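Residue strings, one per chain:
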Amino acid sequence: MKHLKPYYLILVIAVLFGINPAWAQGNLSKKAQKYFDEAAEHLNWDRFNEAEAALKKAVDDQPDYIQAWEKLGYLYIKTRRYEQAYQALRTVSTLSSVYSKEVYYHLANMALATLRIDSAGLFLEHYKNVGAINDKRKQEVAQLESNILFVKNAPKHVGQLNPLPLDSNINTPDNEYYPSLTADNEYLYFTRQHRNAQTKMSNEDIYYSKFIEGHWGTALGLSSINTVPFNEGAHSISADGRSLYFTQCEMPGGFGSCDIFRVKKEGNTWGKPQNLGAVINTSAKETQPCISADGLKLYFVSSRSGGMGQLDIWVSLLQPDGSWGTPQNLGPHINSTGIDERPFIHPDGQTMYFASDGRPGYGDADIFYSRMSEQGQWQKAENIGAPINTFSYEGGIFVTRDGSSAYFATDRYSKGGDLDIYSFPMPESAKPRLVTYVKGKVVDNNRQQPLNADIEVIDLESQHIIARVSTNKADGIFLITMPLGHNYAFIARKKGYLLKSLNYSLQNAQADSTYELVIALDSLKKDLSVVLNNIFFEVNSFQLKDASKTELGYVTQLLNENPTLQIEVSGHTDNTGTEAYNQQLSQQRAESVVAYLVKAGIDIKRLKAKGYGSSQPVAPNDSEVNKARNRRTEFKVIAQ
């Protein structure tokens, strides 16, 4: 599941274990040869420090030992010391301009890595003009050319953006990557790759850490999910921390080499992982899921047919029956002919971050972002820029809910190519839209016991569901992230209970604000009533606004689920106007609601319309806020 390095680095590693047969070193001293052979043995066991020391002795003894300089240069590339790699390979080209054509390809890369942009172009031109180039290398040369041009013209971010590593509770000598946080920033989930020094075998597992008193606590493995010898990782935690989507590879009975699974948290215990099935998983590789904050979209990476490159990013929509729809490719503004991976959709629902090695950048995989247009289309991806992106590998990014900071994995500081997790402040240009979140609890109104209820949030303007979650069975708690600038219907439902309707206007809400609430549900009993807070009428009219359709749909659903239920729909006004006018308007509004329900298929015999005018206020009519509370539509159970 870990990102594969570009072809040229693979070639470098291969060169580390061999000698260029096209060059015969003359007058080679026995001492220099001895050091060279020692270095080769050390490299067989990844003892890079010892190999470096031996190669330095070889070139100290014989400064024109071109093969030792070459191997030293490739060792420095392997250990991410690009300046030293450049100097070593430059020495090779100085000793002989015809020793190895490949040296110039690597020199071009090292010149780019050390921001010698003009030199990078010259070395690449030299490489292109000497001998034939196979088709695969032609693609890599084209990518390198585009990278050189991009870096030459790329702007630099102003301010302190340098990444800082997380502490030793998270980062260890093993690889750590794929950071993912819950929306309240309390829990960090990540993948750790354990390596056996003797067998050189590795195993990926998922870990988590809780933020305690200003720092991340000791990381613990998810023992109920992690297995040996199979790999679990490349995961995404839901905003409320109750669902984990992850990748498991080489598991018997799977659909392909790697499949995507989901596991739900029941109380404080993770349940049994479930394979997402044949719509999501295929005989190809599916990995790196990212669940949207609303729980309605699953982004993931796949090598399935129909893509644009080696790995593409796809999306599947949650269907009304709870299944996942046919995945759709995100298209050319996201995907390229290379590897496009590690998607992260911010809770704003409109900003996508991902890693790609198939677009112009600084080298290897860079982090990009794309914003969704008003028409719902992804726009052209933008490179997040330096110093976040470098010549080294930058893994996928996770941006916090408030957009102020981000987490990602990189190997730029590691001699051995190990990945660690870092954080950095987000540049202004790449920040997502502002969001807020609601953290609440659903209880039984009589017993005050927590309830396992369904919560849905609807954008009243677009009528789109922007979140659909279930509360925790153990404590009734839920968490929902919502973009600012909209009005929302907030519906809580449970079988055997009256629905609860709330309304939130986030038009003028503060950025990253938090709403905390307790929702008390009443069981379905005669004479109990509920306010429908998302029924709206035109001013001084009984004409229903379109925004009312969502709420009325839930009332219709409740009546269909309880076929013996009979209700009274009541209309209420404030004290503005005459008593007769208010009585008439409230009656007409109640009748409008009943008419809508009848049109939706509800038997008229189960419905009663009653207007009460201003006779039953719930607050004094002494302010606009209180008057708005009194202007309401309710329904009351009259028979069950």
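Thresholds, definitions, all that
Residues numbered from 1 in each chain as written. Predicted model: local features only at pLDDT ≥ 70, side-chain atom pairs only at ≥ 80, totals over all residues. Heavy atoms only, no water. Buried < 20%, exposed > 50% of the residue type's maximum accessible area, 1.4 Å probe, protein only. Helix = DSSP H or I, 4+ residues; strand = E, 2+ residues; numbered from the N terminus. Pairing = 2+ DSSP bridges. Core = buried A, V, L, I, M, F, W, Y, C linked by side-chain atoms within 4.5 Å. Contact = heavy atoms within 4.5 Å. Expected span 1.5 Å × (residues − 1). Polar contact = N/O pair within 3.5 Å; in protein donor to acceptor, adjacent residues only side chain to side chain. Phe/Tyr/Trp six-rings, centres within 6.5 Å; stacked < 30°, edge-to-face > 60°. Lys NZ or Arg CZ within 6 Å of the ring centre and 35° of its normal.

Visitor: Mind showing me how you'd approach the pairing of strand β20 (residues 394-399) here?
Guide: Within a regular strand, side chains alternate between the sheet's two faces. Within β20, six of the six residues are buried, leaving the element largely enclosed by the surrounding structure. Where β20 meets strand β21 (residues 405-410), four bridges bridge the pair, whose relative direction is antiparallel. Within β21, the residue paired with F398 across the bridge is Y407. Counted along the chain from β20 to the antiparallel partner β21, the turn is five residues long, and its residue G403 has a positive phi close to 75°.

Visitor: Looking at this structure, how should I read the nonpolar core?
Guide: One broad trend across soluble globular proteins is that nonpolar side chains are buried collectively. Grouped together as the largest cluster of nonpolar side chains are 50 residues, with contacts concentrated most on M110, L112 and L124. Examining the composition of this core, we find that nine residues originate from one element, helix α6 (residues 101-113), more than from any other. Setting aside residues up to four positions removed in sequence, L112 forms contacts with I117, A120, L144, N147, I148, V151, Y362 and F391. One finds A219, F344, Y353 and Y407 within the second-largest nonpolar core, a separate group that totals 42 residues.

Visitor: Sorry if this is basic, but what is going on with helix α4 (residues 66-78) here?
Guide: Because each turn of an α-helix spans 3.6 residues, side chains separated by three or four positions end up pointing in the same direction. A rise of 1.5 Å per residue sets the reference length of α4, with its 13 residues, at 18 Å; its end C-alpha atoms lie 18 Å apart and thus fit the reference within 8%. Most of α4 is tucked away: twelve of the 13 residues are buried. Taken as a whole, α4 has its buried residues at I66, Q67, A68, W69, E70, K71, L72, G73, Y74, L75, Y76 and I77. Of the residues trailing α4, R80 is marked for its positive phi of about 65°.

Visitor: Is there a simple way to think about the environment of T172 in this case?
Guide: Looking at the secondary structure, you find T172 in the loop between β1 (164-165) and β2 (175-181). For T172, a relative accessible area of 22% puts it in the partly exposed group. Residues T172 and V457, 285 residues apart in the sequence, show an inter-C-alpha distance of 41 Å. Those residues in contact with T172 that sit more than four places away from it in its chain are R192 and D420. A distance of 3.1 Å separates a polar atom in the side chain of T172 from the backbone nitrogen of D174.

Visitor: It is not clear to me how the packing of aromatic side chains should be interpreted in this structure. Could you clarify?
Guide: Note on aromatic pairs: each is described by the distance of the centres and the angle between the planes. Scanning all chains against the criterion turns up 18 aromatic pairs. Judged by centre distance (6.3 Å) and plane angle (50°), the rings of Y104 and F123 are tilted. Of this pair, Y104 sits in helix α6 while F123 sits in helix α7 (residues 117-128), and the two are 19 residues apart along the sequence. Across this residue pair, the class does not change: Y104 and F123 are buried. Taking 5.7 Å as the distance between ring centres and 20° as the angle between the ring planes, the aromatic pair formed by F246 and F261 counts as stacked. One end of the pair, F246, is in strand β8 (residues 243-249); the other, F261, is in strand β9 (residues 258-266), with 15 residues separating them in the sequence. Given a relative accessible area of 0%, F246 falls into the buried group. Relative accessible area serves as the criterion here: at 9%, F261 is assigned to the buried category. Feature note: the residues F344, Y353, Y369 and F398 constitute an aromatic cluster, connected by ring pairs. Sitting over the face of the ring of Y187, K265 holds its NZ or CZ atom 5.9 Å from the ring centroid.

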